[in-house]
Each structure stands twice: as C-alpha cells, then as structure tokens.
Amino acid sequence: MPKTPLWDLPELPKNELPLHLQLQKTRVFCNNDAPTHTENIHYSGAYAAMGVDNSLRLDEFRKNFKVKIIKLNEEDMEFDLIGIDASIANAFRRILISEVPTMAIEKVLVANSSSVVQDEVLAHRLGLIPIIVDPRLFDYMSENDIPNEKNSIVFKLHVKNKRGSGERRTVFSHDLQWLPFGSEYALPTENPSDPNSNTKPKTYTSYTFSQDTLPEFSSNPITVTPGIIISKLGPGQEIELEAHACKGLGKTHAKWSPVATAWYRMLPEVILLQDIEDEDAEELVKKCPVNVFDIEDMGKGRKWATVARPRACTLCRECIREPGWEEKVALRRVKDHFIFTIESTGALPPEVLFTEAVKILEDKCERLITEMS
Amino acid sequence: MVMGVMEGSDALHPSQGMREVDKQFLAAPVKSAVDKFQLVPEFIKVRGLVKEHLDSFNYFITTDIKKIVEANNFVRCTFDDKVYLRYLKVSVGKPSVVKDGITDEMNPQQCRLGEMTYSAPICVDIEYCNGSYGHIVHPQVKKGVVIGRMPIMLRSSHCVLFGKDEEELAKLGECPLDPGGYFVVKGNEKVILIQEQLSKNRIIIDKDKKGCIQASIMSSTSMTKAKTTLVMEKEKIYLNLNSFTSKVPIMVVMKAMGMETDQEVVQMLGRDPQYAALLLPSMEDCSNLGIYTRKQALAFLDKKHRKWNNSNNSNNRKDDGGALGVLRDIFIATIQVKDDDFHRKCAYVVVMLRRMMDAYLNKDALDDKDYIGNKRLELSGTLMALLFEDLFKTMNTGLVAYSDNLLNKSSRSTKFDISQHISREDITNGLERSLSTGNWNLARFKMDKKGATQIVSRLSFIAAYGYMTKISPQFEKSRKVSGPRALQPSQWGMLCPCDTPEGEQCGLVKNLSLMTHVTTDEEEGPIITLCTNLGVEDLSLLSGEELHSPSSYLIMLNGSILGKHRRPQLFATSMRKLRRAGKISDFVSVHVNEKQRCVYIASDGGRVCRPLVIADNGVSRIKHHHMKELKDGIRNFDSFLREGLIEYLDVNEENNTLIALYEGEATSDTTHIEIEPFTILGVCAGLIPFPHHNQSPRNTYQCAMGKQAMGNIAYNQLCRMDTLIYLLVYPQRPLLTTRTIELVGYDKLGAGQNATVAVMSYSGYDIEDAIVMNKSSLDRGFGRCIVMKRHTAVYQKYANTSEQFSTPSRAPHDRERNQLLDNDGLASPGEIIRHQDLYFQKLVPENANISVNAHPSNIKYRPSRQTYKGAEGEAAVVDRVALCSDKRNNLSVKFMIRHTRRPEVGDKFSSRHGQKGVCGTIVQQEDFPFSERGICPDLIMNPHGFPSRMTVGKMIELLGSKAGVSCGRFHFGSAFGEPSGHADKVEDISATLVKHGFCYNGKDFLYSGITGTPLQAYIFMGPIYYQKLKHMVMDKMHARGMGPRQLITRQPTEGRSKNGGLRVGEMERDCLIAYGASNLIYERLMISSDPFEVQVCRKCGLLGYENHKTKAKVCSTCKNGDNISSMKLPYACKLLFQEIQSMNIVPKLTLADS
C-alpha cells in the first residue's frame, strides 16, 4: 500500500473502513517474504476511531454464513465455509481430529502367534485398522466396566499358513471376523475344571445377546476397512487372536481419530495489480504450475492476462518470485472463506463427521454457558 | 554440463556415431560420467566391502601357512637324532565341529547361538621316524594329521558361506548383506582391527627429539626384527643399534664391514664434494679413535657389543660371532650377507648416509612419518600368521621336549611314536585365546599388542560395517602432537576424511574409504628377474663410484637395492605396461622419485591402493562400448583390470600420476581419471546426503552417530541371541539416498524414518536442539523401537549331580508367582513379564559339595529362582527361549526379553547431519501447524540449529526429499555428485517442487493449529531422514530416596544400577556454602548420608564406646566413662579415625561447647 498523507485521503462515508484497512481486515497478504495481516481483529472497538463498529452481529452472520459442498463421496469431502471466523473453523478441525469418537481395537488377546511380527506390534497394527461402524450406537467403556454388547466389538483373527505350502501368506484386515456373541475365550477361573458348573464358562466379555440381533447390524455386519496388511505368515506359522474394540477419542490415541486428516485453507485470491500484457502475460501463465492464469485475446494481436482459477493457487509464489512481479500480482487469502476438507477413515461418512463435530462444539458451548450461569 | 541420472541411457546414443569423429570430440567432456559409476557397484560386487580382510586371511590360509610350516618343517629330537618328524604338506579343511568323536559340518550361525568357535582343522602330512634301534628304518608317512583348529574368517575362501547366493545364505541362517571379515570365537563375533604401522625395511629420514637428522630403518625378516638408526649429531654420524651398548661412529662400522679406506666411502657417496665435506667430521672422529683397519674396527665394536646376560636367549645367539655377527645378521637384516660380502650392505648404508645428507642440505628432503605411503596396514592375515608361526614353533619345541622326556625314561611300556605326541591343543587354544582377548603376545618378536580384536557390535548394520573398516593407530593416545591426527593429503581416496571418533582417539583411528584395497605380499623373485631383463644393472656388478653416478637411477625393490638403470622413466613405463598386461601382479607399484633419483618398486603387503581409470594423453581408456558391455553383463570389473583399462595405484605411485577428477577436466598430461569422487568417503560417511555441503565436523559427528542409530541389524536379526539388540519397529529407507547407501545395502537395512520436519520455533520446549514431536505420529508408530535383552541362566554341574529342572508349583498361593513359568520352570515365549516377575526356576542341590558316592535319591534339592529386573510399570515380553550348552559344557538357557517402547520426552534423535537433539515435548496433532494441503509435520525443529552448525546438506536433504515425495522418485545426494549426476542439483529440485505446486525454496504457507490463523512466516517444511539413537531416558532416568548403602563407609551407593544416591559434589557443596544454607549442607552431607553416633572422650580426644547392656559409656583409653560426650559424626569420618589409628597416628577430637 503506498502511503498517502491523511489529508489526501478521500472523504469516507461513515461506518465504512478505508479501503486498505478493509483489505487488511479481510485478507491475508501473501507477500514474497512472509504473509502479513494474518490475524483476525475481533475487538469490537478496534475501528472505533473511524466510527466503524467491529462487533459481531448474529443477524449479519446468519445472513452471510454459507456452506457450499464442492465434493463429496464416501471417504472425503470438500466444502466451503463462508463468513466464519478462523477460530470457529479451527475448532471444527480440532474436534474432527481429536474429539469425535470412533471404535478402535484396544485389547488384543493373543492365543497363538508364531508370525515374525511381535505381539505388541501386531496389536498396534490392529489398533490402527478403522472399523466401519457407527460409534454412536455404542457407549464408552470406563475402567471398571465389563465389556458388553453395548460398549465393545469383538473380532476374531485366525489365519494359518499350512506347513509345506511353500509360500508366504499375507494376513489382511478383512481376515478379521466379527464375533457378534462376544469373546470366545474363557476367563481363567479359580477352579477351571469345575464339574458342577454346566453353565457356559465365563468369557472375557459378558454379552447378554448377540449384536447381530440388533436392527442396525442384522443386515450389515460390522466390518473393518479391507485390504490392510496386518502381517505375513511363513509356512507353518499361525496367528490366532481376539481383538476387542471399544469407543474412544482421538486425543487419547490417534487410532480413535475418525479422520485421516481434516484441514482447511483460506480461499486464495489472486489480483493483478496492473494490466499484464503480451510477453509478460505469457510469462505469467507459464510460470504458474497450477494454471491460475489465463490469457485473453484482446484483439489486434494483444494479449491480456487474467486470473482464471484463483482457487487452484497453492501459494507457490512462483508468480511473484522474480523482482518486480510483486507489484504486478498480489496473492491474498480471504480470511473468512474456508475451503474445508475432511478425509474420513471410513467409520462415518465425512458429512456425518462434520455434523457430529458441530454437535460436539454445540455441546461444549452449552456446557460453558450452564457453568457460567 | 547438466546431466541427470535419467539421461544416462541417452548418453549412449551419440557413441554410435562417434566412431568416425575425430579425437577432439573424444577428448571433449564425454557424457560418460554417469556410466563410469557402474564400475563402483561392479567393483563392490566382485570385491565386497571387506575384501582386504578376506584377501589377507585367504593369503594366510592358502599361502602363508604353507610357508610357515615349510620354514619350520623339521623337528628332530635332541636325545636321539634318528628320531625326527618332517611336515610335508599343510592344509586347512572345512569348518567343522567335533562332538563325541563325530565330525559335523558347521555354519557360523550355529556357532553364534551355541557359543562355539567357527574353526576348521589344520591338517598336515608328516613323515617321521621313531628311531633306528640299530637297524635302518624307513620313515613312515601319515596323512591328514590334525595339529589344531584354525578359526575361520566368515566369507573367506574356507568358510561355508564362500560363494553362496542369497538363498543358500538364508538357509544357513546368514544375512546376505553381512560383509563377513570377522571370526566367531566362543559365540562372540570378533574382528581383528586393521593395524597401522610404519613401513618396514624402508629408510625414513626425520628428526629426533634433539632436532638431529636421523635415518631409521625397521628391518624385519622372518628371523629378526631390529631397528637401525643413523643419527647425525654435531655433524658427526653415528649408528644406533640395540645390539650395541652405545652409539657407534659410522666410519667404524664401514671399516668393520670391509671399507677400510675413507676414499672408498667417499667414492661411493658420490662425486659431489658437499657430501664428502659432510662426512669429514665422521672420518676425523674415526681416526681420532685410532681405528684404521677392519680388525681394529671389529675389536672396537666387540667392546660395544651388548652381551645378552639373559640365559634364555643364549641358545639362539650361541653362534652370533660377536660384532661381525651383529653387522651381518642384525644390522639392516633385510640385506642378507653371503660369504662375508658386505658390498650390498655398505651400499645400503651409503644410500642412507646420502639421504641424510640430502636432508641436512635441504630440509624438505625429510620424510613425513604421517604420509600414508610410508605406512603399512597390518590385516588379520598378517596377525594370524605371526600368531600361528609362534604357536607352531612352540608346539614343535614342546614336541621335542616331550619326546626327549619320554625317550629319556629307562623303561617304556609302549613303543615310542612321535606322531602320537603332536599336541593339537596348543595351536587351537592359542589362536582362540588371542582372538577372544585381543592380546597378541609374541615373545619371539617382542610383540605385546593389546586390544587387537574387538567384538563386532551389532547396534546397527552400519556399526558392524564400521568395525570392518576401522584402522587402529600405532601411536599411544597420550602423545600430544597434532601431526598424526591431522588429515593427510595423501589420504585422498584411501582413508575416509570424515570418519574418525571424537576425543582422545580423534584422527588416530581412521577408516578405509569405499574403494580402498590393501595389498598382500607378492613373490619378489619374478619381479627381480623381470627387472634384470628390463636392463637393471645388478648392484654387485657396480663399483662404488657408479652407485651415485648422475646419469642413472637406483632401483629399489621393497626397500632393498636391486641395482641401477639409466633410463628410469622408460623402465617404469615398461614395468607398468607389464603390470597392465597382467604379466605381474596388479598390486605391484612402480614409482619414480626424481628427487632421490630412485625407482621404487613395491610388492609387499599392507600398502593401501585404489583403482583408477587409465588415461592416455588425457583420454580415458574406458569408452562407451566398454560401459555398455558392462551393463549387458559381458564384462565385469576383472576384465577391465585385465584389459588394462583400470589399474590399482598405491599412494607412492599416485605421486607419478596426474589424476583428473572428471574426464572433462583432463588435460593432455593426465594419466588417470577418478572413477567416482564419492568413493573417497567411507561407508559411514557415505550415508550422509550432500556431505559436501556440510561443515566438516558435522559429517564426523554423523559418522559416530550413525553407529548408534536403531534400525534393522541384519536379515537374521530375529534369530540372533545377542546380549542387547535395538530394533526399530518400522524402519524406512531414506528418501534421499546416496550411491553408497545402495551399494552397502542401507536401503534394505535402514536405521531411521523419514519424518516430515517443520523448521520453526514452537512452544519453548525446543530450545537447545530439542525437538517437538507430534503425538499422533508417535501413535501411528513413528520412532517405536524394540529393545531385546538377553538373560542367561545356567544349570551347573556338580561332582555326581547337576542342577535340575523344576516344575513350578501350581498351588493357589504360588500360582500367581509362577504363572509365567512352564512346567520345566522356564518362562514360556510370548508371556508378558513385569518388574520382579519370576522367569526361571531350577533345583539346586542343597549341599554343593556332596560326596561322589552319595546315592542320587539321597541328594536334596531346593528351588532357586531368577526374577526379571526391568523398568517399573513397564511390560516386557519373553521373546525367545533357547537352550544350549555353554563354554563349560553346562546346559544354559537364554531368554530374550523384548520391550517395545514408543518415544518419550528425553529420547535422543538425530538427522544424518550430526544434528542430534532430544525430544523436548510431545504435542497433540491438532495443536501442530498444518499446511495448505493438510500436511502436518511429524516433528518440529528449531531453526537456531542451523546458523552455527552450517549443515546446508540437511536443508538440501529436506528439499530433495520433498521433491522426491511429490514426484515419486528417490533423489540422490551422493558426495560431490552434482557434476556426475549422482546428486540432484538444488535448481533441479526446486524446479520439481515448483512443478508440483510447492514454493521453490521449500517453504510452505502454514496455519497455526492452535489459533487457526496463518503463521506470519513461510515455514521450511519437508521430510528429513531421522535416526533414533540408542540413548533413551528410560534406561537413564534415576532418582531415589532411601536406598542401599555401601558396606564400609555406610554412605549411599553410587550409580543407577545399584540404585545409588545422587551425590552433592564438591562444587555443589561450594554453592551451598556460598549461599549459606548451612542446615541444608548438614542434612545432605550427614543426615541423608551416613550419620553415626559416637562417644568421644573429652580428655583424651579419642573415640569411646557405649556398652549396650549397661548403657555405660566408656573410653577405652582412659578406662573410665567420666568425660564421655556423645556426638554425631559421619560414619566415614569415624572410619577414617580408626584407619589412621591403625597406622599408629592418633587423631584427637577437641570438643568445645556450642
């Protein structure tokens, strides 16, 4: 921004910021050396001297706030959050990563494992396998809880590579079998061969009924993401284990995180500060690796650079790298427009994850309000 | 010229049309730089990386051992000279084990696990005669008599692993990437370090402590080893020899050797009056002594001759023949004197004199002791040969002594048979003992070497490799001279300039470079004949004056004078041509020294050399079609050697060459071209990407740290039973590799992980090189490691019983404790084991010294247990349990107990650029910054680590890895690799980055994970290969309150292993005194240490005692209890008083009222 003496400034209508301040308020300037004006100005009286009220108004927020879904499939989703503060968008991101619960394998009972993978490594690998189940159908299991059909899922893995088969057998995640009746392994009891107990021996879980009788699971049994390599077995090796999953949060361990990752970026804004013509225009178009710019034919053989796809900008700063170009092109980010991406691990579809995140934030706010009042 | 790796194949096409192009085009920078690299892998394929060890050992076991046996092949009894034994043939068999009389084949892995020695029988054919008893007896012949067992070097020609392919090696339980070159002795892997020494039999001119010029020669023959020194003191020249009591004027020696007239000496010295003038004082000295004739000189020397009063040696020196004998056999022993013809020896002395005088006249004629060309590397074969020779001789003298003893006996029950008395234990045990202790004690050679062998530590794959290339120094560490520690220019290409330890060994311990070869001994005979045929005038035919005639050069072979040649350059060229043609060995070096007017030919062992491409007038002999043939597999490295395209040069011969680094830089004078510049680095430094961009000490640090990095050890790592194994759960190969990494196999057995690093400051827990780690990354397995410890338990054997297996009780109250144990009393594999858990139980006889007659059923046993001591609150797992017999043939059980650890605050990490740091804090992923593409770093490194360290290579690694990740190609960062395409250039990397939408400088636009707003700076972010080092807090952290105390002083014990206290040392105490915290001092030094209540007699000042029963306090000196006061004292103080008293000193305490 070139500096202008105060008295040269044009008379401004009240309740409106001067242009450069408005820009600084709403845009991040991505200069060649460093980004500037990255912070958000929240203080309601920040511009009081200019007679501008900076306070947040709910009705205005309501009016301006928009959500635009760009891309959505089972695994990932990209959508725009427009008219929201970075802190709120960030809150959603943080909650998605660490506070939306999922189910993950927490306990592994190894009956036999002769593979080269060590038991604890095997358990760790199992833990990281996403389980495709709606975690909302389950309760948390606290420390003293006995695992039951409401708070746990049990999988069985029994793979054996026959001796003399001569080849390696890969154990995949889809070799895990869901046990709707709970654990099959009996608890070690004080008197194991009690003859007069004709009841079923106690197992590591106490299910009162089978999970597949529940309407949610009767038609679609619980599975895990297929195709993940767990281990490899040489001839004669065998893995026999039971994996118990429970509900948890991503902040305890990344295996409970429902997203591979979730992040946002601010909407890129590429402004040509000057008219860029002919060779310069061609140079500019050539420079950009993601084709942000286009050339428009102005007729009479003259060419004109235009910003065609600002959204594609990855901020490689290639266009403003050479000296002099920073005066011609301005790279900016819109501070209240977030391109939000959610990559789900598969437990819940990404759109549901986001609504869950919103609910959790809502919950938190309510809790705060109740505790404050 | 810009050349990428990908362009390599294209470079071949122009060669088709090159045939008719003129020479100018050929001389122009050829695009073959990339191709020529193919020679390096080819070289390593045929050679392996530890060929010097293998060659040396192979030479010993196939050639040298025969020579040794042949030299000492006749053993005759002193009692009856008809009784004799003659060794006809010697050979070393295949590694085997003899168990209960049955010989079985053996492989190294069995030896490692079973604590055996990997050795092969030494078989000899003997011819012997057991005495005549009056009638003629024909000598008997016995074949294949075993005289001992020779430890076999792994992968040597006698090893079962020799020439095996990967699958066969896997069947033998061996890692195909393991280089071999070490021994397995009693289950331990032992490597004989390469020993660095000054060349033997070479004249070295230098200055002694007083600054006098001296010429010394270490002459070593199979018989003797002696040092001869000529010193120039106050212009007079003397001889220093151990056999003479004091220094001897050189002219006396010359006279004693038959050069009676001074003129003869001066004539031999050369016509230049300068030299004669310098000899004048010595001549005067001689005449002052009144010595004019040979007889007088010998008489003079006889007086100086040191008499060996030591009776042991008298046998050897019975016929030493006085001073003449010394001059003949000890004085420059390499020059052998035949029929009292001292001409050769005189000539040699004169050459020495002349060189001393040259040095006197011209200071730069002094030799440099640190010059690599003046050094020899002694390898395992040489050392083993020395040891074997000694043991063989000992065995023979033992045989003679034993037979004499037997024959001496008047009545013998059995018929005497000398072949029955060859002891096979002497050699076996001697070799085994020296290898396992590293002590090379050879009285015969006055050799007393300690620490010649070391255990191959298997901390990481690279560490094991490092041991094979390590060179241990000749000097003691205490010498405070910088010379031997400094980097020698002659090390170029031979010894790694980076890989040396820090601290006291710095610069003394060196490592071999990638392509270095160490020569073995070569026959001299054919070379001498060849030289004569090439026109060398024999020394004995030369008159004294001709020796230094200016028109010709002296020809020296392995330090001794062969003769003269009038056209030295022609001679040298023809020798080299013959070598290239393969008529003489590849490793014979020919070197013309114009200053000394000598041609040196060397064929001795221990010289370092390396291969170079031969160039004619600056044009490389290797053409594109050669490389194409190599690629197609028609050629190999040997054929390049055989066809004279490549040759080995040692350091001395390099001085006669002009070596161009690249073909493009070659001028018409260039004689050789380097194969690849990165081969000047060794294995450890070869792992560093872009080392040529780093500050040099950083590379040195990384060389040391690479050996501590956790990762894969070997393909058979899970079958090994080492005392301690560190493994990484998910090791990766580096994204930014080097050629060396591929050659060595580090890409298959990596020791680190590619972490996405953001270079920024974060949280304040990253000061002083600490790094901030992402918790989610750790959750997902980053830096997870396995520590396996071996615990051993032994079933001891007793006179008539042994310790027994014990079945643990399953009674309710015992069950808890015994739950890990199987029915045999051993913990079963897979069980989770915690601190204080029982893992082994056996039955021990209650009475250790039971009589042999006791009936087995009467012996009573009690159980004995072993509990696991690990970190509290941590769960380990019993990984493997192995049973084997140990060295004393007891049954021993080995438990491998495994502990998997995730990184925690305080664990040490390091990049490959000597940048180590501990984990400062672990932060949740959502608090970590994230990029526009959603990338979240695995760790954050403080940018302050860069300015002072100047590790630009690390930054380029980051850029290169980032480009590699985005374009899907492993990038390279070989040392000095940019011109030849083995390292990607920063411009190219930047272009790749831009192509994939990153900023050219690798800096990303990041959002703060905490506030959600963009960071006010672009952050340098990308993957860097990080190593987890073996230092982990869990093994180090320690604190205690009450705890064990030492027995004598009653002060707390020291050290973590003994749960010791934390000492308030002198300086800490000083601080407390200065601060005035007297009560704190009192508490720390007394109350929490060793308080003790004593009774002090106020009168005599000595310590009394309190009678426990009567509670009466008595002073034992005054015999009453009148003046007793009780006070507190540190127990150590009381102990001191008593100890002083025991030395008849009376310490008195004077008490005052407080």
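Residues numbered from 1 in each chain as written. Chains lettered and ligands numbered in written order. Predicted model: local features only at pLDDT ≥ 70, side-chain atom pairs only at ≥ 80, totals over all residues. Heavy atoms only, no water.

**Q** Mind showing me how you'd approach the packing of helix α10 (residues 273-288) of chain B against helix α13 (residues 343-361) of chain B here?
**A** Angle between the axes and distance between the axes are the two parameters that describe a pair of packed helices. Residue and element names in this part refer to chain B. Viewed as axis vectors pointing N to C, α10 and α13 meet at an angle of 100°, and their least axial separation amounts to 10 Å. The orientation of α10 with respect to α13, classified from their angle, is roughly perpendicular. Residues Gln 274, Tyr 275, Leu 278 and Leu 279 of α10 pack against Leu 353, Arg 354, Met 357, Asp 358, Tyr 360 and Leu 361 of α13. The residue makeup of the contact of α10 with α13, split by class, is 7 nonpolar, 1 polar and 2 charged. (Axes fitted to C-alpha atoms, helices over the stretch in contact; angles between N-to-C directions. Helix = DSSP H or I, 4+ residues; strand = E, 2+ residues; numbered from the N terminus. Parallel < 35°, antiparallel > 145°, perpendicular 65-115°, else oblique. Contact = heavy atoms within 4.5 Å. Nonpolar A, V, L, I, M, F, W, Y, C, P; charged D, E, K, R; others polar.)

**Q** Honestly, the domain arrangement of chain A in this entry has me stumped. Any pointers?
**A** Buried accessible area, meaning the area lost when the parts come together, often serves as the stated size of an interface. Residues and elements named next belong to chain A. Domains assigned within chain A are domain 1 (24-100 + 257-373) and domain 2 (102-191 + 200-256). Taking only C-alpha atoms into account, the centre of domain 1 sits 41 Å from that of domain 2. Between domain 1 and domain 2, the contact holds 13 residues from the first and 17 residues from the second. A combined buried area of about 960 Å² lies between domain 1 and domain 2, and 55% of that area is made up of carbon and sulfur atoms. Lys 251 is the salt-bridge partner of Glu 99, the closest N and O atoms lying 3.5 Å from each other. Joining domain 1 to domain 2, the criterion identifies 6 residue pairs in polar contact (both at pLDDT 80 or more). Looking at the side of domain 1 that touches domain 2, the elements with two or more residues in it are α3 (86-98) and α7 (350-372). The element best represented in the side of domain 1 that touches domain 2 is α7, accounting for 3 residues. (Domains from an automatic or database assignment. Buried area = accessible area lost by both parts, 1.4 Å probe. Salt bridge = Lys/Arg side-chain N within 4 Å of Asp/Glu carboxyl O. Polar contact = N/O pair within 3.5 Å; in protein donor to acceptor, adjacent residues only side chain to side chain.)

**Q** Just to check I follow, could you spell out the sheet that holds strand β38 (residues 832-833) of chain B for this structure?
**A** Within a sheet, adjacent strands bond to each other through the backbone by hydrogen bonds, running parallel or antiparallel. All names here are of chain B. With antiparallel pairing, 5 strands are arranged side by side in an open sheet as β32-β36-β42-β41-β38. Each end of this open sheet is capped by a strand with a single partner; those strands are β32 (724-728) and β38. As defined by bridge partners, strand β36 (residues 785-795) adjoins strand β42 (residues 891-901) across 11 bridges and the pair is classed as antiparallel. Looking across to β42, one finds that Val 794 is bridged to Ser 892. (Pairing = 2+ DSSP bridges.)

**Q** Please clarify how the interface of chain A and chain B should be interpreted in this entry.
**A** Between chain A and chain B, the residue contacts involve 46 residues of the former and 48 residues of the latter. With both chains or domains summed, chain A and chain B bury close to 3700 Å², and 51% of this area falls on carbon and sulfur atoms. Run the count over chain A and chain B and you get 3 salt bridges. In this structure, Glu 120 of chain A engages Arg 898 of chain B in a salt bridge whose closest nitrogen and oxygen atoms are separated by 2.3 Å. Counting across the interface, chain A meets chain B through 25 residue pairs in polar contact (both at pLDDT 80 or more). If you list the elements that add at least two residues to the side of chain A that touches chain B, you get β1 (27-30), α3, α4 (119-127) and β13 (259-272) of chain A. A breakdown of the residues in the side of chain A that touches chain B according to their chemical character gives 18 nonpolar, 14 polar and 14 charged.

**Q** Hey, could you run me through the environment of Ser 218 of chain A in this one?
**A** Residue and element names in this part refer to chain A. Locating Ser 218 in the fold gives a position in helix α5 (residues 215-218). Residue Ser 218 is classed as partly exposed on the basis of its relative accessible area, which comes to 47%. Of the polar contacts made by the side chain of Ser 218, one reaches the backbone oxygen of Pro 215; its length is 3.1 Å. (Buried < 20%, exposed > 50% of the residue type's maximum accessible area, 1.4 Å probe, protein only.)

**Q** Would you mind going over the confidence of the model for chain B with me for this structure?
**A** A low pLDDT means the predicted coordinates there should not be read in detail. Residues and elements named next belong to chain B. Summary statistics for chain B give a mean pLDDT of 85 and a share of 94% for residues scoring 70 or more. Per-element confidence in chain B ranges from a low mean pLDDT of 44 for helix α1 (residues 13-16) to a high of 95 for strand β34 (residues 753-759). This model gives residues 28-34 a pLDDT under 50, and the stretch forms 17 contacts once residues within four places in sequence are excluded. In this model, residues 310-319 is a region of pLDDT below 50 whose contacts with residues beyond four sequence positions or in other chains number 3 contacts. (pLDDT = per-residue confidence, 0-100.)

**Q** What is the right way to read unusual backbone geometry from this model?
**A** Where the residue is not glycine, phi is negative for most of them; where a peptide bond is considered, it is trans in most cases. Residues and elements named next belong to chain B. Of note, Lys 186 is a non-glycine position whose phi angle comes to about 50°, a positive value. Relative to the elements of secondary structure, Lys 186 occurs in the loop between β7 (183-185) and β8 (188-192). A positive phi angle is found at Asn 201, which is not glycine, with a value near 60°. Inspection of the secondary structure puts Asn 201 in the loop between β9 (194-198) and β10 (203-207). Asn 201 sits in the buried class, given a relative accessible area of 13%.

**Q** I would appreciate a short explanation of the pattern of salt bridges in the present structure.
**A** A side chain of one charge can pair with a side chain of the opposite charge if their charged atoms are brought near each other. Residue and element names in this part refer to chain B. Under the defined criterion, the tally for this structure stands at 73 salt bridges over all chains. Its salt-bridge partner being Arg 112, residue Glu 174 comes within 2.8 Å of it at the nearest N-O pair. Taken together, the residues span a long stretch of sequence, with Glu 174 in the loop between α7 (166-171) and β7 and Arg 112 in helix α6 (residues 108-114) at a distance of 62 residues. Just as Glu 174 is buried, Arg 112 falls in that class too. Sharing partners across several salt bridges, the network here consists of Arg 112, Glu 174, Asp 178, Glu 189, Arg 458, Arg 720 and Asp 722.

**Q** Looking at this structure, I do not really get a negative patch on the surface. What am I missing?
**A** All names here are of chain B. Where like charges cluster on the molecular surface, the negative patch consists of Asp 165, Glu 166, Glu 167 and Glu 168. Structurally, Glu 167 can be placed in helix α7. Look at Glu 167 and you get exposed, because its relative accessible area is 57%. (Patch = residues over 30% accessible without salt bridge, like charges linked within 9 Å, V, L, I, M, F, W, Y side chains within 5 Å. Areas by Shrake-Rupley, 256 points an atom, 1.4 Å probe, with all protein chains shown as cover. Lys, Arg positive; Asp, Glu negative; His and termini not counted. Charge placed at Lys NZ, Arg CZ, Asp CG, Glu CD.)

**Q** Before we go on, may I ask you to explain the packing of aromatic side chains in this structure?
**A** Residues and elements named next belong to chain B. This model, assessed by the stated rule, comprises 30 aromatic pairs over all chains. Here Phe 388 and Phe 392 contribute two aromatic rings whose centre-to-centre distance is 5.7 Å and whose plane-to-plane angle is 15°, an arrangement assigned as stacked. With a gap of 4 residues between them, Phe 388 and Phe 392 both fall in helix α14 (residues 380-408), about one helical turn apart. Since its relative accessible area comes to 0%, Phe 388 is described here as buried. (Phe/Tyr/Trp six-rings, centres within 6.5 Å; stacked < 30°, edge-to-face > 60°.)

**Q** Sorry if this is basic, but what is going on with the sheet that holds strand β12 (residues 225-233) of chain B here?
**A** Residue and element names in this part refer to chain B. Strand order in this open sheet of 5 strands is β10-β11-β12-β13-β14, and the pairing throughout is antiparallel. Edge positions in the open sheet fall to β10 and β14 (248-249), since each of these has one partner strand only. Taken together, the 2 bridges between strand β13 (residues 236-241) and β14 define a ladder with antiparallel strand orientation. For Leu 239, the partnering residue across the bridge sits in β14 and is Val 248.

**Q** Mind showing me how you'd approach the pairing of strand β48 (residues 1003-1007) of chain B here?
**A** Put simply, side chains in a regular strand alternate between the two faces of the sheet. Residue and element names in this part refer to chain B. Counted residue by residue, β48 has 4 buried out of 5 residues, so it is predominantly covered. As paired elements, strand β45 (residues 930-931) and β48 share 2 bridges and run antiparallel to each other. Bridging across to β48, Phe 930 finds its partner in Tyr 1007. Note that β48 and strand β49 (residues 1014-1028) share 4 bridges and pair antiparallel. Within β49, the residue paired with Tyr 1007 across the bridge is Pro 1014. Counting the residues in the hairpin turn of β48 and β49 gives 6 residues, including Gly 1012, whose phi is positive at 90°.

**Q** I tried to follow the pairing of strand β25 (residues 589-593) of chain B on my own but got confused; where do I start?
**A** All names here are of chain B. Taking burial as the measure, the 5 residues of β25 include 5 buried ones, the bulk of the element. Along β25, one buried face is formed by Ser 589, His 591 and Asn 593 and the opposite face, lined by Val 590 and Val 592, is buried too. Two strands pair when backbone bridges link them, and β25 and strand β26 (residues 598-602) are joined in this way by 5 bridges, in the antiparallel orientation. Each residue of the ladder has a partner; that of Val 592, found in β26, is Val 599. Taking the residues that link successive antiparallel strands as the turn, the β25-β26 hairpin has 4 residues, and the phi of Arg 597 there is positive, at about 50°.

**Q** Quick question: what am I supposed to make of the nonpolar core here?
**A** Formed by 87 residues in total, the largest nonpolar core has its most connected members in Ile 131, Ile 153 and Phe 155 of chain A together with Leu 39 of chain B. Among residues more than four places away in sequence, those in contact with Phe 155 of chain A are Ile 105, Ile 131, Leu 176, Gln 177, Trp 178, Leu 179, Ile 222, Val 224, Leu 241, Glu 242 and Ala 243 of chain A. Val 97, Leu 161, Val 185 and Met 395 of chain B belong to the second largest nonpolar core, which has 70 residues in total. (Core = buried A, V, L, I, M, F, W, Y, C linked by side-chain atoms within 4.5 Å.)

**Q** Looking at this structure, how should I read the environment of Met 468 of chain B?
**A** Within the secondary structure, Met 468 of chain B is located in helix α16 (residues 461-469). Remark: the alpha-carbon pair of Met 468 of chain B and Val 456 of chain B, spanning 12 residues in sequence, is separated by 8.5 Å.

**Q** Would you take a moment to explain the domain arrangement of chain B for this structure?
**A** Examined at the domain level, chain B breaks down into domain 1 (51-196 + 377-404 + 420-511), domain 2 (198-308 + 322-367), domain 3 (685-784 + 905-1028), domain 4 (785-901), domain 5 (1038-1083) and domain 6 (1090-1154). Distance from the C-alpha centre of domain 4 of chain B to the C-alpha centre of domain 5 of chain B: 37 Å.

**Q** What's the story with helix α19 (residues 568-580) of chain B in this structure? I'm lost.
**A** Owing to its 3.6 residues per turn, the α-helix brings residues three or four apart onto one side. Between its first and last C-alpha atoms α19 of chain B spans 18 Å; for 13 residues at 1.5 Å apiece the expected length is 18 Å, and the two agree. Downstream of α19 of chain B by one or two residues, Gly 582 of chain B has phi in the positive range, about 85°. (Expected span 1.5 Å × (residues − 1).)

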